[in-house]
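Descriptive structure summary
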Amino acid sequence: MAQSLELLLIQFLMPDNDARRQAEEQIRRLARDPQVVPALVHHLRTAKTPNVRQLAAVLLRKKITSHWPKLPPHAKASLKQALIDSITLDNSHLVRRASANVVSIIAKYAVPAGEWQELLPFLFQCSQSPQEEHREVALILFSSLTETIGTTFQSHLNDLQPILLKCLQDETSSRVRIAALKAVGSFIEYVNEGGDIVKMFRDFVPSILNVSRQCLANGDDDVASIAFEIFDELIESPAPLLGDSVRSIVQFSLEVCSNQDMEINIRQQAIQIISWLVKFKASFLKKNKLIVPILQVMCPLLTETANEDEDSDLAADRSAAEVIDTMAINLPRHVFGPVLEFASVNFRHVNPKYREAAVTSLGVVSEGCSEHFKDKLEECLKVVLEALKDQEQMVRGAASFALGQFAEHLQPEILSHYESVLPCILNALEDPSDEVKEKSYYALAAFCEDMGEDILPYLEPLICRLVISLQSSPRNLQETCMSAIGSVAAAAEQAFIPYAEKVLEMMKGFMVLTKDEDLCARARATEVVGIVAMAVGRTRMEAILPPFIEAAISGFGLDYSELREYTHGFFSNVAEILDDSFSQYLPHVVPLAFSSCNLDDGSAVDIDDADGVDNGFSGVSSDDDDDDEPRVRNISVRTGVLDEKAAATQAIGFFALHTKSAYAPYP
């Protein structure tokens, strides 16, 4: 077999696709025989070209799990020795790495069975070798072995610590430092609450920070990236692994995320570490007076914007806003003062980015710090309303966002300021920027919903402005405009009657749209009709409802969860105002509600396991780590379905409540 296998391995590596496929098929057949193991071992040690030796190791890794139990003791011993020789003697880094991967697989079975007692002593010896290659591959094996025999290492961690510390500080090899960082990270999940173990990991932090600073100074971001991954694990660990090192980690992370000369990816990791510390170590940050230093970096980061060639999701301003929001929710009493000071100092800054950041910061903390806004609401509103008139669009956009946040999170206190707020929103609806308009519609919707009769003096100008906008705006603005109309109608109630006919006629046009890009607008229109119906009452609505109900039912023929969700809400409203007269529609709407309730909400979200290969041996095996990428789209679809099911369940309750005995035949 050895001779024929050698030819096949060489043929597999040829550029000719046909030859490659033929070789792969024959290799697959030969690999079913346990005798393929000694044949591959032979080529791993004797083949002249590194590619053939690497391919032999890759094939061993793929097949050893099934063949290991069938091998006689002498074959197992020969394989183990060949792998040790390959790791220590082969001059190819790729071959050494491929052989190390085979060792990791075999160890899963051999070490617990007592069949490879010399492995760990060999690795300890290797990790202290004067040769860089030996130190690196030993550390790589320490990392990979934690995946297969991690618990075995628990009794050896005290022996490993000085080795890992020394390798973290290896001044001659960045590869050794990187491998040491990965090894430290791989042991974290096996840490228990024991005092010695906790102290050991705390001792690693200064060395990791030192190595990271050196590497960032040399432009080696990869090592620092690994360090942040380790800090992430340390922060989330239930064991108290950080201790007083939190202060040093915060300082380092703030240095990195505030340095605009660094790549955005590494800065993003640093910001994420701050975010995790806020979530998991908030009390420590408070005790050690780290909140203000963090905000002194995060608030100015709001002035940054992503370059055109950068992913906006990685933009520093967006990430900083998320951190500030998290801090406000977890530490509101300590956050409000510094943020208000930042806003007060910068809302008239000569640089518009700082004026934008000033009002953005107030909007971001309005939810978490809502209780602390009460005594300072007038002062904060002054900042936001002045920014709403700024000559720069970016500042006006941020102000309309902040005003919307105030309207949503600072109820009911914000309502007492309607005399100053509503005229400013009305002016903002005339803004030349669509972005400002859209955010102003959102602010208006949030503000007006609970105003009640206080909205009456503004009803005429508001509706006139909104109707004009609805007729002339692009689709995305129409959607937010309709939300605002719904809020105004809900607040005005019977006073909305003079405007109901015009609004309903416009909604009718939206409720017959069928193109995918129009279905969100159709959903909003359906919602508005239900709100208007509730506002003006049964007497004025009962006779004109049938075509709207017919249009709503027809919407279920379109595959759009949000439309179904809003339509169930519409049916709930109609059932409430029509009461027993709604019985005539039960045969049509009850099956639709049941259909939504029975939808699969996709609780089991699929995860794709992609076994990537960068060595060209596709279809054979891989020496790379699995790349597990969640299907985010499935998660968002599940959320939509859950919202739809909730709306349908509520609708069924309204049907039963208002139609009484007529609902009895339905289960």
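Along each chain, residues carry numbers from 1 onward, in the same order as the chain's sequence is written. Per-residue local features are limited, in this predicted model, to residues with pLDDT of at least 70; the limit for side-chain atom pairs, both in listing and counting, is 80 or more; totals at the level of whole chains, interfaces and linings are taken over all residues. The side-chain values count all of the structure's non-hydrogen atoms but skip hydrogen atoms and water molecules.

**What to know about the UniProt feature "domain: Importin N-terminal" (unreviewed entry) in the chain**
UniProt positions are given in the numbering used here, feature names are shortened, and annotations may be inferred rather than shown by experiment. The residues that UniProt annotates with the feature "domain: Importin N-terminal" (unreviewed entry) are residues 23-89. Only runs of H or I of at least four residues qualify as helices and only runs of E of at least two qualify as strands under DSSP, and these elements are numbered from the N terminus. End C-alpha atoms of residues 23-89 are separated by 29 Å, and the span's content is 81% helix alongside 0% strand.

**Some thoughts on the environment of Arg-333**
With respect to the helices and strands, the residue Arg-333 is situated in helix H18 (residues 332-346). The class of Arg-333 is exposed, set by a relative accessible area of 62%. Taking the C-alpha atoms as reference points, Arg-333 and Val-436, 103 residues apart in sequence, are found 31 Å from one another. Here the side chain of Arg-333 touches His-334 through a polar contact of 3.5 Å, side chain to side chain. Classification of residues uses two cut-offs on accessible area relative to the type maximum, computed with a 1.4 Å probe and protein chains only: under 20% is buried, over 50% is exposed, and between them is partly exposed. In the analysis that follows, any N or O atom pair within 3.5 Å is treated as a polar contact, provided that within protein one partner can donate a hydrogen and the other can accept it, and provided that, for residues neighboring in sequence, both atoms belong to side chains.

**Examining the packing of aromatic side chains**
Only rings of Phe, Tyr and Trp enter the pairing, Trp through its six-membered ring, and a pair is recorded when the two centres are within 6.5 Å. The plane angle decides the type: under 30 degrees is stacked, over 60 is edge-to-face, the rest tilted. Applying the stated criterion across every chain yields a total of 13 aromatic pairs. Counting every residue linked through ring pairs, the aromatic cluster contains Phe-228, Phe-231 and Phe-252. Lysine NZ or arginine CZ positioned within 6 Å of the ring centre and within 35 degrees of the ring normal marks a charge as sitting over the ring. Of note, Arg-20 hangs over the ring of Phe-12, and the distance from its end group to the ring centre comes to 4.6 Å.

**Observations concerning helix H22 (residues 393-409)**
By this rule, a helix spans an expected 1.5 Å times one less than how many residues it contains. Taking 1.5 Å as the rise per residue, H22 with 17 residues should run 24 Å; its terminal C-alpha atoms sit 24 Å apart, in good agreement. With twelve of 17 residues buried, H22 is to be regarded as a mostly interior element. Of all the residues in H22, the buried ones are Val-395, Arg-396, Gly-397, Ala-398, Ala-399, Ser-400, Ala-402, Leu-403, Gly-404, Gln-405, Phe-406 and Ala-407. Where H22 is buried, its residues meet helix H19 (352-365), helix H20 (370-373), helix H21 (377-387), helix H23 (418-428) and helix H24 (434-448). By definition, residues are in contact when any of their heavy atoms lie within 4.5 Å.

**Examining the UniProt feature "repeat: HEAT" (unreviewed entry) in the chain**
Sites flagged by UniProt as "repeat: HEAT" (unreviewed entry) map to residues 160-193, 380-418 and 421-459. Structurally, residues 380-418 is divided into 67% helix and 0% strand, and its ends, taken at the C-alpha atoms, are 14 Å apart. Taken end to end, residues 421-459 is 62% helix and 0% strand, and its first and last C-alpha atoms sit 14 Å apart.

**A word on helix H10 (residues 174-187)**
Helix length check: H10, at 14 residues, gives a terminal C-alpha distance of 20 Å against a target of 20 Å (1.5 Å per residue), a fit within 8%. Turning to H10, its buried residues are Val-176, Arg-177, Ala-179, Ala-180, Leu-181, Ala-183, Val-184, Ser-186 and Phe-187. Capping of H10 at its N-terminal end is provided by Ser-173; its side-chain oxygen lies 3.3 Å from the backbone amide nitrogen of Arg-175.

**Structural notes on the confidence of the model for the chain**
Interpretation of this model should avoid reading the predicted coordinates in detail wherever pLDDT is low. When pLDDT is averaged along the chain, the result is 86; 91% of the residues meet or exceed 70. pLDDT is defined as a per-residue confidence score from the predictor, taking values between 0 and 100. The secondary structure element of the chain with the lowest average pLDDT is strand S1 (residues 607-610), at 33, and the one with the highest is helix H28 (residues 519-536), at 96. Here residues 604-629 is a poorly scored stretch, pLDDT under 50, and it has 56 contacts once near neighbours within four places are set aside; other chains count.

**Re the layout of surface pockets**
Of the pockets and cavities examined, the second largest pocket occupies roughly 520 Å³. Of all the secondary-structure elements, those providing two or more residues to the lining of the second largest pocket are helix H17 (316-330), H19, H22 and H24. Residue contributions to the lining of the second largest pocket peak at six residues, all from H22. Counted by class, the lining of the second largest pocket contains eight nonpolar, six polar and nine charged residues. Here a cavity denotes grid points, spaced 1 Å and computed from the protein atoms alone, that fit a 1.4 Å probe unable to get out, and a pocket denotes an open set having protein on both sides within 12 Å along at least 5 of 7 lines; residues with an atom within 4 Å of a point are the lining. Grid points are joined across faces, edges and corners, and a volume is the space filled by probe spheres set on the points. Lys, Arg, Asp and Glu make up the charged group, whereas Ala, Val, Leu, Ile, Met, Phe, Trp, Tyr, Cys and Pro make up the nonpolar group; the residues left over, Gly among them, are polar.

**As for the nonpolar core**
Counting residues in each nonpolar core, the largest one holds 233 residues, and the members touching the most others are Phe-231, Met-298, Phe-496 and Phe-655. Every residue in contact with Phe-496, bar those within four places of it in the chain, is listed here: Leu-459, Ile-463, Ile-485, Val-488, Ala-489, Val-503, Val-532 and Val-536. Each nonpolar core is a collection of buried residues, namely Ala, Val, Leu, Ile, Met, Phe, Trp, Tyr and Cys, held together in the definition by side-chain atoms within 4.5 Å. If you look at the next biggest cluster of nonpolar residues, it comprises five residues, including Leu-519, Leu-558, Leu-563 and Tyr-566.

**Some points on the packing of H28 against helix H31 (residues 561-578)**
Contact pair H28 / H31: the axes reach a minimum separation of 8 Å and the direction vectors enclose 10 degrees. Classed by the angle they form, the pair H28 and H31 counts as roughly parallel. Like other packed secondary-structure pairs, H28 and H31 cross with a definite hand, here left-handed. Residue-level inspection shows Cys-520, Arg-522, Ala-523, Arg-524, Thr-526, Glu-527, Val-529, Gly-530, Ile-531, Ala-533 and Met-534 of H28 in contact with H31, the latter providing Glu-562, Leu-563, Tyr-566, Thr-567, Phe-570, Asn-573, Glu-576 and Ile-577. Classifying every residue of the contact of H28 with H31 by side-chain character gives ten nonpolar, four polar and five charged. Whenever a helix is involved, its axis is fitted only over the stretch in contact; in every case the axis is a line through C-alpha atoms, and angles between N-to-C directions fall within 0 to 180 degrees. Angular relationships are summarised with four words: roughly parallel below 35 degrees, roughly antiparallel beyond 145, roughly perpendicular across 65 to 115, and oblique for the angles in between. Two helices cross in a left-handed way if the nearer one is turned anticlockwise from the farther one by less than a right angle. They cross in a right-handed way if the turn is clockwise.

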